[in-house]
Amino acid sequence: MKNTAMPYLIIFAFGIVAIFFMSFIGLNNMDEIAAEKEGGGEKAEEQVAASPEDTYKQSCLACHGDQYQGAVGPALTGVGERHSQEELVDILTNGTANGMPGGLVAGQEEAMAEWLMTLK
C-alpha cells in the first residue's frame, strides 16, 4: 500500500528547515538592517551616472516623444535656439508653470542641459 501523506510530510519538513534557516540569516543581518533604516550603514545599491540619453529615455520620453518631437510636453528639437543653457538648467531644476515637474533629472541638470543644447 502506498503512503500518500509522505510527500506532504517531506515538503512540510523542508519548509520548517527553510524558515529556521532564513530566520538565522535575518538575525545575522539584524544590525545591518537597523543601520540602513536609520539612514546609516552602507547603501545596498549605488547609483551609476547615466548618460543624458539614457536619462531622457527613463524620465523624459513619455512626455517629449521618442524622437524629441513632443507629445504631452513641447518638442525638444531646437530647444537650444529657444533657451540658453542656464534657462534649461533652471527648467530642469524647478520645472515650469505649464506642468513640467522639476527634479526629474536631479543631480544631472548641467549635463542634461548641455546635451539638450545639441539637439537639432
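Since we're looking at a predicted model, the values are computed, not measured.

Participant: Explain a negative patch on the surface to me, and be specific about the residues and the numbers.
Facilitator: On the surface, Glu86, Glu87, Asp90, Glu110 and Glu114 cluster together into a negatively charged patch. Elements with a contribution of two residues or more to the negative patch: helix H6 (85-94) and helix H7 (109-117). Among the elements that line the negative patch, the one with the most residues is H6, at 3 residues. Relative to the elements of secondary structure, glutamate 86 occurs in helix H6.

Participant: So, a nonpolar patch on the surface: which residues are in play, and what are the values?
Facilitator: On the surface, Phe12, Ile16, Ile19, Phe20, Phe24, Leu27 and Met30 cluster together to form a nonpolar patch covering roughly 750 Å² of accessible area. Here the nonpolar patch takes 6 residues from helix H1 (residues 6-28), the largest share from any one element. Tracing the backbone shows leucine 27 in helix H1.

How each quantity is defined
- Think of each chain on its own: its residues are numbered from 1, step by step along the sequence as written.
- The predicted nature of this model means local features are confined to residues of pLDDT at least 70 and side-chain atom pairs, given and counted, to a pLDDT of 80 or more, with totals for whole chains, interfaces and linings taken over all residues.
- Excluding hydrogens and water, the side-chain values take into account all heavy atoms of the structure.
- Patch definition: residues above 30% relative accessible area lacking any salt bridge, with like charges linked at up to 9 Å and the nonpolar side chains Val, Leu, Ile, Met, Phe, Trp and Tyr linked at up to 5 Å.
- Surface accessibility in these figures is a Shrake-Rupley result with a 1.4 Å probe; residues are shielded only by whichever protein chains are displayed.
- We count a salt bridge whenever a side-chain nitrogen from Lys or Arg sits within 4 Å of a carboxyl oxygen from Asp or Glu.
- When charges are counted, neither His nor the chain ends are considered; positive counts come from Lys and Arg and negative counts from Asp and Glu.
- Charge coordinates come from a single atom per side chain, which is NZ of Lys, CZ of Arg, CG of Asp or CD of Glu.
- Runs of E in the DSSP output that reach at least two residues are strands. Runs of H or I that reach at least four are helices, and both are numbered from the N terminus.

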